[in-house]
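# Summary of the model geometry
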Amino acid sequence: MFSSSGKVIRVACVGDSITEGSGAGEGMSYPAQLQQLLGAGWLVGNFGRSGCTLLKKGDFPYWNESAYRNALGFGPDEVVILLGTNDTKPQNWRYREEFLGDYLELAESFRALATRPRVHVCLPCPVIGEGNFDITAGNLSAYLKMIRELAFRHSLGLVDLHSILVDKPAMIPDRVHPGTDGAGEMAKAVFAKLKAG
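This text gives an overview of the structure that appears in the document. (Residues numbered from 1 in each chain as written. Predicted model: local features only at pLDDT ≥ 70, side-chain atom pairs only at ≥ 80, totals over all residues. Heavy atoms only, no water.)

## Digging into the overall build of the protein
When its secondary structure is counted, the protein shows seven helices and five strands. Listing every helix and strand of the protein by position from the N terminus yields β-α-α-β-α-β-α-α-β-α-β-α. Taken over the C-alpha trace, the protein has a radius of gyration of 15 Å; the compact-globule value for 197 residues is 16 Å, and the two agree within 12%. Counting only C-alpha atoms and orienting by the principal axes, one finds that the protein spans roughly 50 × 35 × 30 Å. Considering the protein as a whole, with its 197 residues, one finds that 51% of them fall into the buried category. The long-range fraction of contacts in the protein, counting pairs at least 24 apart against all pairs at least 6 apart in sequence, stands at 75%. In the form shown here, the protein has an accessible surface area of approximately 8500 Å², with 53% of it arising from carbon and sulfur atoms. (Helix = DSSP H or I, 4+ residues; strand = E, 2+ residues; numbered from the N terminus. Rg over C-alpha atoms; globule rule 2.2 N^0.38 Å. Buried < 20%, exposed > 50% of the residue type's maximum accessible area, 1.4 Å probe, protein only. Contact = heavy atoms within 4.5 Å. Areas by Shrake-Rupley, 256 points an atom, 1.4 Å probe, with all protein chains shown as cover.)

Written out as structure tokens, the structure is:
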């Protein structure tokens with residue numbers, strides 16, 4: 001599928017290690033599998049950066065990374081943001097009151113591009129059991145509510161990557177990062193959102 005002008009539709013996948021592909025097999029990140037699903041006429045860019053937070057005051061803000069600058073420079077027509085998991089860590093959780101404001105600013109930085117992309121925000125993948133890497137399910141649940149609110153209030157697309165995996169713990173072997181199969185389920189959900197228009 002091409003845009004009405006015949007040009008390739010560019011999709012920027014923004015996120016942390018889950019977007020980058022940690023946990024999935026080589027070349028099998030969710031953006032890579034999304035590219036396979038979309039096929040010709042689409043170009044998917046993986047702008048994931050391991051460990052990153054959405055919060056500007058987090059311990060590893062996405063804002064400071066070349067991945068963010070590269071995503072802006074990619075000239076996307078569609079942007080898919082998957083952040084918030086690392087924001088549950090204790091050192092980041094204390095800034096949670098700034099999460100919504102920072103998220104809106106990130107979304108608007110993409111909407112302000114000359115390409116006027118559609119921006120979709122994702123409900124992060126579930127954290128299984130007691131979690132791992134200081135990432136906790138309890139804190140994540142609060143962010144899920146915030147992201148839903150953000151999408152509703154500001155007319156952003158919403159992709160629920162939480163519900164599709166919450167009953168499939170085997171697809172998240174280290175309790176945080178989906179494996180190849182889990183990344184495939186994520187790709188299918190994003191694909192459905194993009195194709196729905």
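## Details of the side chain of Thr88
Mapped onto the secondary structure, Thr88 falls in the loop between β3 (78-82) and α4 (90-93). Residue Thr88 is classed as buried on the basis of its relative accessible area of 0%. A polar contact of 2.8 Å, which involves the side chain of Thr88, links it to the backbone oxygen of Thr85. The residues touching Thr88, leaving out its near neighbours within four places in the chain, are Trp93, Asp134, Ile135, Thr136, Asn139, Leu140 and Tyr143. (Polar contact = N/O pair within 3.5 Å; in protein donor to acceptor, adjacent residues only side chain to side chain.)

## As for the pairing of strand β5 (residues 157-160)
Burial of β5 is one-sided: the residues Gly157 and Val159 facing one way are buried, the residues Leu158 and Asp160 facing the other way are not. Pairing between strand β4 (residues 118-123) and β5: four bridges, direction parallel. The residue bridging Val121 from the neighbouring strand is Leu158, located in β5. Note on the crossover from β4 through helix α6 (residues 137-154) to β5: the handedness is right-handed. (Pairing = 2+ DSSP bridges. Right-handed = clockwise from strand over helix to strand, strands pointing away.)

## Notes on helix α3 (residues 66-73)
The periodicity of an α-helix, 3.6 residues per turn, causes residues three or four places apart in sequence to face the same way. Those residues of α3 not exposed but buried are Ala67, Tyr68 and Ala71. All buried residues of α3 lie within an arc of 100° about the axis, which places them on one face of the element. Each element contacted by the buried residues of α3 is listed here: β1 (9-15), β2 (42-48) and α5 (99-111). One or two steps after α3, the chain reaches Gly75, where phi turns positive at roughly 65°. (Arc of directions from axis to C-beta.)

## Regarding the side chain of Asp16
Of note, Asp16 is situated in the loop between β1 and α1 (17-20). Salt bridges are absent for the buried Asp16, whose nearest opposite-charge side chain, Lys89, sits at 8.6 Å. With near-sequence residues (within four places) excluded, Asp16 lies in contact with Gly48, Arg49, Ser50, Gly51, Cys52, Leu82, Leu83, Thr85 and Asn86. (Lys, Arg positive; Asp, Glu negative; His and termini not counted. Salt bridge = Lys/Arg side-chain N within 4 Å of Asp/Glu carboxyl O.)

## A short note on the pattern of salt bridges
On inspection of all chains with the given rule, the structure shows nine salt bridges. A salt bridge links Lys7 to Asp77; its shortest N-O distance comes to 2.8 Å. A residue pair is termed long-range when its members are at least 10 positions apart, and Lys7 in the segment before β1 and Asp77 in the loop between α3 and β3 qualify at 70 residues. Arg111 is the partner of Glu108 in a salt bridge, and the nearest nitrogen-oxygen pair spans 2.9 Å. Of this pair, Glu108 and Arg111 are both found in helix α5, three residues apart, which corresponds to roughly one turn of the helix.

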